[in-house]
Amino acid sequence: MIAELFDEMLGLSNILAGVGAMTGTLTVRYRRPTPLLAPLDLAARHTGQDGRKIYAWGGIYHQGELTAEAEGVFIHVPPARMLDIVTGNAKESEAPIVDAEWQRMMQRARDLGR
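Residues numbered from 1 in each chain as written. Predicted model: local features only at pLDDT ≥ 70, side-chain atom pairs only at ≥ 80, totals over all residues. Heavy atoms only, no water.

Draft legend 1. Layout of the side chain of His62. Mapped onto the elements, His62 comes out in strand E3 (residues 53–62). Its relative accessible area of 18% is what places His62 among the buried residues. Those residues in contact with His62 that lie beyond four places of it in its chain are Pro35, Ala38, Pro39, Leu40 and Thr67. (Helix = DSSP H or I, 4+ residues; strand = E, 2+ residues; numbered from the N terminus. Buried < 20%, exposed > 50% of the residue type's maximum accessible area, 1.4 Å probe, protein only. Contact = heavy atoms within 4.5 Å.)

Dropping the structure here:
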């Protein structure tokens, strides 16, 4: 569950930096136990780019103590290709899309004939 959280956080940090990318590698370091059902502080940041390789770092903190951290190498995907991947995955899913912005983006993609 922690690795999945890092994958999403680091991916989002790249998107916020304007570079959509797919996970290439994700290295997680577990520093100490991360408690369940406790308030946690999450941090993630885009740390750089070298060609198509995108780099990001993230940390999970409990009461100011680092419990886990991750470094990721992502591969840049052009925006149109990323939309094709995301919409294709969403079309194959049986679960409903509940986020209104994702619904609008999916509709725009359908309107464009993707």
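Draft legend 2. Quick look at the nonpolar core. Counting residues in each nonpolar core, the largest one holds eleven residues, listed as Phe6, Met9, Leu10, Val19, Ala21, Ile54, Ala56, Ile60, Ala68, Ala70 and Phe74. Those elements that place two or more of their residues in this core are helix H1 (2–16), E3 and strand E4 (65–76). Beyond its immediate stretch of four places on either side in the chain, Phe74 contacts Asp7, Leu10, Gly11, Asn14, Ala21, Met22, Thr23, Gly24, Arg52, Lys53, Ile54 and Ala56. (Core = buried A, V, L, I, M, F, W, Y, C linked by side-chain atoms within 4.5 Å.)

Draft legend 3. Representation of the sheet that holds E4 in the model. In spatial order, the strands read E1-E4-E3-E2; together these four strands make up an open sheet with antiparallel pairing. In this open sheet, the two strands that pair with only one neighbour each are strand E1 (21–30) and strand E2 (41–50). The mean inter-strand angle of the sheet, taken between neighbouring strand axes irrespective of direction, is 20°. Note that E3 and E4 share ten bridges and pair antiparallel. What sits directly across from Ile60, in E4, is Ala68. Lying over the sheet, H1 contacts E1, E2, E3 and E4, oriented at roughly 125° with respect to E3. (Pairing = 2+ DSSP bridges. Axes fitted to C-alpha atoms, helices over the stretch in contact; angles between N-to-C directions.)

It is worth stressing that arrangement in space is one thing and function is another; only the former is reported here.
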